[in-house]
Amino acid sequence: SQKIEQNSEALNIQEGKTATLTCNYTNYSPAYLQWYRQDPGRGPVFLLLIRENEKEKRKERLKVTFDTTLKQSLFHITASQPADSATYLCALDSRSNAGGTSYGKLTFGQGTILTVHP
Amino acid sequence: GAGVSQTPSNKVTEKGKYVELRCDPISGHTALYWYRQSLGQGPEFLIYFQGTGAADDSGLPNDRFFAVRPEGSVSTLKIQRTERGDSAVYLCASSPLAGVSYNEQFFGPGTRLTVL
């Protein structure tokens, strides 16, 4: 059966350190993998997307890697700050087709709660 | 501009009642999604609209759940004969254009449904 796992339910780190979050999947062939941030009481907010043929993507202090052989994505936040504290969700985007149009059907992991201590 | 809005923000109902949850997507977004999120879990896909039609409703758990988007903008998720297990946060997301090579989804704040 298809399965997505974010390895840590919770991650606590000290301000200034690099946070590394892991997303593993089985029995999927995603075209893309997306990472979202979710704060309490709010909907997820898109952060980064990486395509299946890309190894790494960066945006400011964020870096995502995608290894389709290992079926794993790593999400890094460098120079972490207390304001980075939130739940981070990985989502597999398996291209689907309906009505003659391709669309992204997202399957989310359960999330990792990151807390950055000052 | 305005983001995705959802009303109500909270809904408490009794078992067996009917509820409607509303989503106002970002203006011009043709793709609209509904998800359900239980405590400690990631969002779970329910249904996808492309314009007015429900192009993929494979995530709806049973026939008590139904959603419409009659004019290709606002969408309503309808739940009949609610059960305690329906309690969750219902999230709506929209995306600018179906058929592009990828779609970043813009989420609303969600409606927290509690069935007593």
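Predicted, not measured: the structure shown is a model, and the values here were computed from it. (Residues numbered from 1 in each chain as written. Chains lettered and ligands numbered in written order. Predicted model: local features only at pLDDT ≥ 70, side-chain atom pairs only at ≥ 80, totals over all residues. Heavy atoms only, no water.)

*Asks:* Help me out: how do you make sense of the overall build of chain A in this one?
*Replies:* Assigned secondary structure in chain A consists of zero helices and 11 strands. If you list the helices and strands of chain A from N to C, you get β-β-β-β-β-β-β-β-β-β-β. The C-alpha radius of gyration computed for chain A amounts to 14 Å, which stays within 12% of the reference 13 Å derived for 118 residues, consistent with globular compactness. Seen along its three principal axes, the alpha-carbon backbone of chain A occupies a region of about 50 × 30 × 30 Å. (Helix = DSSP H or I, 4+ residues; strand = E, 2+ residues; numbered from the N terminus. Rg over C-alpha atoms; globule rule 2.2 N^0.38 Å.)

*Asks:* Would you mind showing me how to read the state of the cysteines here?
*Replies:* Residue and element names in this part refer to chain B. Under the definition given, this model contains two disulfides over all chains. Across the disulfide, Cys23 is cross-linked to Cys92 (sulfur-sulfur distance 1.9 Å). Negative torsions about the S-S bond denote left-handed disulfides, and the value of about -65° found for Cys23 with Cys92 makes this one left-handed. Remark: Cys92 occurs in strand E9 (residues 88–95) and Cys23 occurs in strand E3 (residues 19–24); sequence separation between them is 69 residues. For the pair shown, Cys23 and Cys92 are each scored as buried. (Disulfide = S-S within 2.5 Å. Buried < 20%, exposed > 50% of the residue type's maximum accessible area, 1.4 Å probe, protein only.)

*Asks:* What should I look at first to understand the packing of aromatic side chains in this one?
*Replies:* Each aromatic ring pair is specified by the distance between its two centres and by the angle formed by the two planes. According to the stated counting rule, one finds 12 aromatic pairs over all chains in the structure shown. Ring geometry for A:Tyr25 against A:Phe66: centres 6.3 Å apart, planes inclined by 55°, an arrangement best described as tilted. Separated by 41 residues along the polypeptide, A:Tyr25 in strand E3 (residues 19–26) and A:Phe66 in strand E7 (residues 62–67) bring together distant segments of the chain. Judged by its relative accessible area of 2%, A:Phe66 falls in the buried class. Summarising the aromatic geometry, the rings of B:Tyr35 and B:Phe45 are spaced 6.2 Å apart at their centres and angled 80° between planes, so their arrangement reads as edge-to-face. In this pair, B:Tyr35 is assigned in strand E4 (residues 31–37) and B:Phe45 in strand E5 (residues 44–50), connecting sequence segments 10 residues apart. Each member of the pair, B:Tyr35 as well as B:Phe45, is classed as buried. Every member of this aromatic cluster is reached through a ring pair, and the members are A:Tyr36, A:Phe46, A:Phe108, B:Tyr33, B:Tyr35, B:Phe45, B:Tyr48 and B:Phe107. (Phe/Tyr/Trp six-rings, centres within 6.5 Å; stacked < 30°, edge-to-face > 60°.)

*Asks:* Teacher, can you tell me more about the interface of chain B and chain A here?
*Replies:* Reports of interface size often rely on the accessible area that becomes lost once the parts have come together. Facing 25 residues of chain B, the contacting portion of chain A comprises 25 residues. For the chain B and chain A pair, buried surface summed over both sides reaches about 1,800 Å², with 51% attributable to carbon and sulfur atoms. Put simply, A:Lys105 and B:Asp56 hold a salt bridge, and the shortest N to O gap is 3.0 Å. Put simply, chain B and chain A have four residue pairs in polar contact (both at pLDDT 80 or more) between them. Split into classes, the residues belonging to the side of chain B that touches chain A amount to 12 nonpolar, 11 polar and two charged. (Contact = heavy atoms within 4.5 Å. Buried area = accessible area lost by both parts, 1.4 Å probe. Salt bridge = Lys/Arg side-chain N within 4 Å of Asp/Glu carboxyl O. Polar contact = N/O pair within 3.5 Å; in protein donor to acceptor, adjacent residues only side chain to side chain. Nonpolar A, V, L, I, M, F, W, Y, C, P; charged D, E, K, R; others polar.)

*Asks:* Even after reading the chapter, I still don't get the sheet that holds strand E1 (residues 5–7) of chain B, so can you show me in this structure?
*Replies:* In any sheet, the strands associate via hydrogen bonds between backbone groups, in a parallel or an antiparallel arrangement. Residue and element names in this part refer to chain B. Spatially, the four strands line up as an open sheet ordered E1-E3-E8-E7, and their pairing is antiparallel. Of all strands in the sheet, those bounded by a partner on one side alone are E1 and strand E7 (65–68). The mean inter-strand angle of the sheet, taken between neighbouring strand axes irrespective of direction, is 15°. Alignment of E3 against strand E8 (residues 75–79), held across five bridges, turns out to be antiparallel. Considered in E8, the bridge of Cys23 is made with Ser75. (Pairing = 2+ DSSP bridges. Axes fitted to C-alpha atoms, helices over the stretch in contact; angles between N-to-C directions.)

*Asks:* Looking at this model, I keep getting lost on the pairing of E3(B). Mind explaining?
*Replies:* A regular strand carries its side chains on alternate faces of the sheet. Residues and elements named next belong to chain B. Burial along E3 is one-sided: the residues Val19, Leu21 and Cys23 are buried and none of Glu20, Arg22 and Asp24 is. Two elements, E1 and E3, share three bridges in a ladder whose sense is antiparallel. When the bridges of E3 are listed, Thr7 appears paired with Arg22.

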